[in-house]
Amino acid sequence: MLILFLVALVAVLNRYGRTRRVLRNLVEAPSEENPAGPSLYRMIAEQAAAHPDGSIRYDGFPPLVANREEDIFSPGARDIFTKRTEMDADQIIAAVRAMRMKVIRDWRTLEANLATTEPPLDSQHLVAELSRHHFDPGVRRLLREVLRRSSDYTAVKWAIVILTIDASPAMMDELMVPARHSEFTIYVCLGLLREARYDATYMERFISLIGMTEGWGLYQILSLMKFNPDLLADPQIQRDAIIHGVRNCNEAGPDIIGLLLSRMSLPERFADAESDEELASALLLMLQTYLTTEEEPGPLAGLPNGEVLLEHELTLIEKLPSRIDALHALMGIGLELSKESFPWERRREYLERARALFFDKLDADVLADAIRNDDLRWGALNIISEVRLTDLLPVVMEDFRKRPDPMNIDVLGSLGEGEHLRAIFELLPDTDTLERRARVQSAEQITGEMHEESVIYAVIIKHLGKMESPDAMARIKQAARDVHPRVRWAAVAAMTGVQRWTLDAECREIIRVALDDPFEVVRTAARQTATYHNLNASINGAAGVTGDMGISLN
């Protein structure tokens, strides 16, 4: 009997010793009250209340940084690109034990302990370990306080991971708020799918998040759908995923559209689109977005069902009336298929079919109506510029008078003359603005407002060479010395629009200096301008210039 008692005593002391060691490593609470500002939960909840059916905006949230301060990630991207897997969870388990033993009594101390390490996406071992512990009301209360009051992304993630274990429906409803932020979506969704094995209502919550997330959060939801074949095959869910995914893919665009192209039953959805306006728009935009790349031979060639999808896209466009998104989709298809490296045997046949469809569907009234639509105007202006539809310049001028921006200015500068050019040149910076810009000494000092101002300034300067007047040349020379590289690029590019005999010694010196500009875009423009005018420029080792570009290296 004595021996059994001693064995039990040793076991208790060993466990006590291990507990003391892990508790000794707990982080003490910081003394500050709440230095990070409003809680993440509150910021998300306020936006969710204002836009219950839409995605949240990330502008006001703290930046997401990695190990180095300059590494800023889009919400949700850190977890995807760092690919964290299983980890030693002793610190987190110790924190849970400490809460149960009343060693941790306040949420700030708990926050400090949860914020020590990022959670892995695969946390099954941790979930199994923590499931063996009984979460008394005090433990859940502290975790909920971290969830609702913390401004630390990592601490909130851990609170979500732990709170999803054996969570009640009420708790899951509370977690649906942070799920709308892409940095937290995956953690809530893993909990929903785990608990959906016992309660089907959790799957309904999971499905509802498709329409309330964006970017990398949406990508994670679509990725997780592969674990439920019935869910993935549902036509209504496919429709919602395609429509919302294409409209809200943002920085995760190619990845989200790649998932949609590979996992959805697109032939059936193309058939549905003939009578479904929203679905038709999404399918037209899907390939257009996917094809926006300079890759060779292009992403369409890499799709195993690429030819089938292209056939369905072209057939759908044939059946639809003339519309701006169809024209834009045809332009994207044409650019893709025009690449000589494209491997399909029927490439030329598809290309000719797409071109014929484009000009068959091209309608000036459709383009004019699109210019007057805030969501469609840029696409219409791009088509007008590409096809050089000068008959629509009065509509472009009307749009310019209403809200001048880089796109309508570029169209007027490229296709217009006389009154069109004079109208855009009236927007050139005045003397006070130029003096203010001259006081900015480096690109690092350029503010967001100044950058927006520079974009319009640059697109005007790019077309100034067409004026061929002393005043125009003076403005080009002034812009060539601007602090913003986009403006310098425009000034050098503008010199291709003037007669060679008008290039004086100062212009030639500007081009020579631009060949050594710190920014590659300016150097490239200088090389092209020098080649265009067949200049003899002494470049003194400018990077990237060779003797076959029409520039003398002597």
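Quick notes on the rules
Residues numbered from 1 in each chain as written. Predicted model: local features only at pLDDT ≥ 70, side-chain atom pairs only at ≥ 80, totals over all residues. Heavy atoms only, no water. Helix = DSSP H or I, 4+ residues; strand = E, 2+ residues; numbered from the N terminus. Buried < 20%, exposed > 50% of the residue type's maximum accessible area, 1.4 Å probe, protein only. Areas by Shrake-Rupley, 256 points an atom, 1.4 Å probe, with all protein chains shown as cover. Contact = heavy atoms within 4.5 Å. Salt bridge = Lys/Arg side-chain N within 4 Å of Asp/Glu carboxyl O. Phe/Tyr/Trp six-rings, centres within 6.5 Å; stacked < 30°, edge-to-face > 60°. Lys NZ or Arg CZ within 6 Å of the ring centre and 35° of its normal. Arc of directions from axis to C-beta. Polar contact = N/O pair within 3.5 Å; in protein donor to acceptor, adjacent residues only side chain to side chain. Axes fitted to C-alpha atoms, helices over the stretch in contact; angles between N-to-C directions. Parallel < 35°, antiparallel > 145°, perpendicular 65-115°, else oblique. Left-handed = near helix turned anticlockwise from the far one by under 90°. Nonpolar A, V, L, I, M, F, W, Y, C, P; charged D, E, K, R; others polar.

(A) Structural detail: the overall build of the chain. Across its full length, the chain holds 31 helices and two strands. Every one of the 554 residues in the chain was classed for burial, and the buried ones make up 52%. A total of about 27,500 Å² of accessible surface is found on the chain, and carbon and sulfur atoms cover 52% of it.

(B) Structural view of the environment of Leu222. The residue Leu222 is located in helix α12 (residues 215-224) in this model. With relative accessibility at 3%, the residue Leu222 sits in the buried group. With 19 residues separating them in the primary sequence, Leu222 and Ala241 have C-alpha atoms 7.8 Å apart. The residues touching Leu222, leaving out its near neighbours within four places in the chain, are Ala241, Ile256, Leu259, Leu260, Arg263 and Met264.

(C) View of the pattern of salt bridges. Taken as a whole and judged by the stated rule, the model has 44 salt bridges. Between Arg149 and Glu145 there is a salt bridge; the shortest N-O distance is 2.7 Å. Here Arg149 pairs with Glu145, and both are found in helix α7 (residues 137-149), just four residues apart, close to one helical turn. In this structure, the salt-bridge partner of Glu278 is Arg239, at a minimum N-O distance of 3.3 Å. Within this pair, whereas Glu278 is found in helix α17 (residues 277-290), its partner Arg239 is found in helix α14 (residues 235-247), the two being separated by 39 residues in sequence.

(D) Structural view of the packing of aromatic side chains. With the rule as written, the count across this model stands at six aromatic pairs. Measuring from centroid to centroid gives 4.8 Å for Phe342 and Trp344, while their planes differ by 80°, and the two rings are edge-to-face. Between Phe358 and Phe359 the ring centres are 5.2 Å apart and the planes differ by 90°, which places this aromatic pair in the edge-to-face class. Take Phe359: its relative accessible area is 54%, and that puts it in the exposed class. Its guanidinium or amino end placed over the ring of Trp107, Arg108 lies 5.2 Å from that ring's centre, counting from NZ or CZ.

(E) View of helix α22 (residues 377-387). Along α22, the residues classified as buried are Arg377, Gly379, Ala380, Leu381, Ile383, Ile384 and Ser385. The inward-facing, buried residues of α22 contact α19 (324-337), α20 (347-361), α21 (364-371), α23 (393-402) and α24 (406-415).

(F) A look at helix α11 (residues 201-208). Buried residues of α11: Tyr202, Met203, Arg205 and Phe206, and no others. Down the axis of α11, the sector holding all buried residues measures 155°, keeping them to one side.

(G) Here's a closer look at the side chain of Asp276. Mapped onto the elements of the fold, Asp276 is located in the loop between α16 (266-273) and α17. Among the residues examined, Asp276 registers a relative accessible area of 17% and is labelled buried. Polar side-chain contacts of Asp276 include one of 3.1 Å to the backbone nitrogen of Leu279.

(H) Quick look at unusual backbone geometry. Phi is positive for Asp166, close to 50°, though the residue is something other than glycine. Structurally, the position occupied by Asp166 is in the loop between α8 (153-163) and α9 (169-175). The phi dihedral of Asn250 falls on the positive side, at around 50°, and the residue is not glycine. Residue placement: Asn250 occurs in the loop between α14 and α15 (253-263).

(I) Fine view of the environment of Met212. Looking at the element boundaries, Met212 is found in the loop between α11 and α12. Judged by relative accessible area, which is 16%, Met212 ranks as buried. Residues Met212 and Pro52, spaced 160 residues apart in sequence, show a C-alpha to C-alpha distance of 8.0 Å. Sequence-distant contacts of Met212, that is, excluding residues within four places in its chain, are made with Pro52, Gly54, Ser55, Met176, Arg180 and His244.

(J) Highlighting the packing of helix α26 (residues 431-438) against helix α27 (residues 448-462). Where α26 meets α27, the closest approach of the two axes is 13 Å, and the angle between their N-to-C directions is 120°. Considering their axes alone, α26 and α27 lie oblique with respect to each other. By crossing handedness, the relation of α26 to α27 is classed as left-handed. Between α26 and α27, the contacting residues are Thr433, Leu434, Arg436 and Arg437 on the first element and Met450, Glu453, Ser454 and Tyr457 on the second. Grouping the constituent residues of the contact of α26 with α27 by class yields three nonpolar, two polar and three charged.

Honestly, that's just the spatial picture; any functional story needs more than this.
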